[in-house]
Amino acid sequence: MNVAQIHQRFLLSSGAFTDTRYIKENGIYFALRGTNFNGNTFAREAIEKGAKLAVVDEESYATDPEKIILVKDVLKTLQELANFHRKYLQLPIIGITGSNGKTTTKELTNKVLSKKYKTVATKGNLNNHIGVPLTLLSMDEETEIGIVEMGANHFKEIAELSNIAMPDYGYITNFGKAHLEGFGNLEGVIEAKSELYTHLKKHKRLIFLNADDPVQREHFKYDHIFTFGTAEDAKVQFSYSGNQSYASVNFNDTDFNSKITGKHNALNIAAAICMGLYFKVPFDAIKEAIEEYSPANNRSQITKKGSNTIFMDAYNANPTSMHAAISNFQELETKEPKIVILGDMLEVGASADTEHQVIVNLLENDDFTECYLVGDHFNRTQTNKNTIIKFKSVEKLKEHLQETNFDNCHILIKGSRGLALERILEAI
């Protein structure tokens, strides 16, 4: 059975699934394999749970030719099916990548565009070689605009995802020190993320550009761009607000106030407004969308815990986003004590010790009431400042927090996903 034939059956199904726990009646199960699992072994279970079809790549599991089909490579078939479906639908696709802020930008853009169009966007951060195909396959003939987030930690991944999704529009949030294990250095990050723009240029598609970013300005000579920023030559001109808790931008003498912490998120708001304007979403609807959006999953959230204000940004961390979060917290105008809780930045590669020491040096020059650092990397750093306290594990940190009484404090929590720092909330 070729991809076109599978697609015919897909159109009559309830969707594509890769996990039997979430199978829907009449769905198609793709038996993916990983380092520690083999989806082929669950093919029969998928059928028993109501799947109309299971796709496997090991002959011993292809026991029912009517319901279980054998292909050479299930992942490749899933990606080819997604690309076939994308061509079949012929709807506009926006591709979004970058070192920091891509999920927030994607969600803001989806919120804005959905005010006028029926949109489908990447769920959560399912932005890899599996998540992108599944996002495309979740679109149907009623979808008017698709928004696809693309993540990568190695070269050529964005190029591969672009070939699958074939975006008509694209935006790179920024180029920061993220996934340095795979990219080596900042120059490597720029090269890898720019694979999206390379794809768009090759196919003469439109690029949304931040006119204030010197790296992005290198693409100004390209004919198909739509720019935004504070620069005088930006198509859409913004001004960014100062030291308040929530990110805000001003456009056309109007403030767009968000529920997102961190002035660094103002850029993500501006990008979403820019795309809304390009797609002719009414001005008032764009403003309403920005002000309605509430972050989730521990991304740039502000919450109250008793008398304390928590700035929760513990979904992920890298040197660029960590520096931005600390700088923004430092500039926050308040007379109340400021407490900083930071967890290790993972996937930083050979420069991990250096990058963590840079963060500690930054903390030494700030006037935070106390700073708590947790993780192996932070424990190898050096400091003589007695307000910087290090913990080897999250559990040790929790024990300390349970014995500490915080009252009317502002508390920043940031770290990589592997530490799951949201666990410490119960101890505050």
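Cut-offs and rules
Residues numbered from 1 in each chain as written. Predicted model: local features only at pLDDT ≥ 70, side-chain atom pairs only at ≥ 80, totals over all residues. Heavy atoms only, no water. 1 Å grid on protein atoms, 1.4 Å probe; cavity = no way out; pocket = protein on both sides within 12 Å on 5 of 7 lines; lining within 4 Å. Points joined across faces, edges and corners; volume = space filled by probe spheres on them. Helix = DSSP H or I, 4+ residues; strand = E, 2+ residues; numbered from the N terminus. Nonpolar A, V, L, I, M, F, W, Y, C, P; charged D, E, K, R; others polar. Patch = residues over 30% accessible without salt bridge, like charges linked within 9 Å, V, L, I, M, F, W, Y side chains within 5 Å. Areas by Shrake-Rupley, 256 points an atom, 1.4 Å probe, with all protein chains shown as cover. Salt bridge = Lys/Arg side-chain N within 4 Å of Asp/Glu carboxyl O. UniProt positions renumbered as here; feature names shortened; annotations may be inferred. Buried < 20%, exposed > 50% of the residue type's maximum accessible area, 1.4 Å probe, protein only. Contact = heavy atoms within 4.5 Å.

1. Digging into empty space enclosed by the protein
Move 1: Overall, the coordinates contain one cavity of 30 Å³ or more when judged by the stated rule.
Move 2: Of the volumes computed, that of the largest cavity is approximately 70 Å³.
Move 3: Lining the largest cavity are T261, G262, H264, S300, F311, M312, D313, A325, N328, F329 and L412.
Move 4: Sorting the residues of the lining of the largest cavity by element identifies β16 (308–313) and α12 (319–331) as the ones contributing at least two each.
Move 5: Looking at side-chain class alone, the lining of the largest cavity contains five nonpolar, five polar and one charged residues.

2. Let's talk about a nonpolar patch on the surface
Move 1: Taken together, the side chains of L11, L12, F84 and Y88 make up a nonpolar region of the molecular surface, amounting to roughly 370 Å² of accessible area.
Move 2: Here L12 lies in the loop between α1 (3–11) and β1 (16–17).

3. Comments concerning the UniProt feature "domain: Mur ligase C-terminal" (unreviewed entry) in the protein chain
Move 1: Per the UniProt annotation, the sites labelled "domain: Mur ligase C-terminal" (unreviewed entry) are residues 299–399.
Move 2: Each end of residues 299–399 is marked by a C-alpha atom, and these two atoms are 24 Å apart; helix forms 36% of the span and strand 26%.

4. Considerations on unusual backbone geometry
Move 1: In this structure, Q90 is a non-glycine residue whose phi angle is positive, near 55°.
Move 2: Its location among the elements puts Q90 in the loop between α3 (74–89) and β5 (93–97).
Move 3: According to the relative accessible area criterion, Q90 is exposed, its value standing at 62%.

5. A short note on the environment of I359
Move 1: Residue placement: I359 occurs in helix α13 (residues 352–364).
Move 2: Along the backbone, I359 and T387 are 28 residues apart, and their C-alpha atoms lie at a distance of 14 Å.
Move 3: Every residue in contact with I359, bar those within four places of it in the chain, is listed here: P319, M322, H323, I326, L342, M345 and F378.

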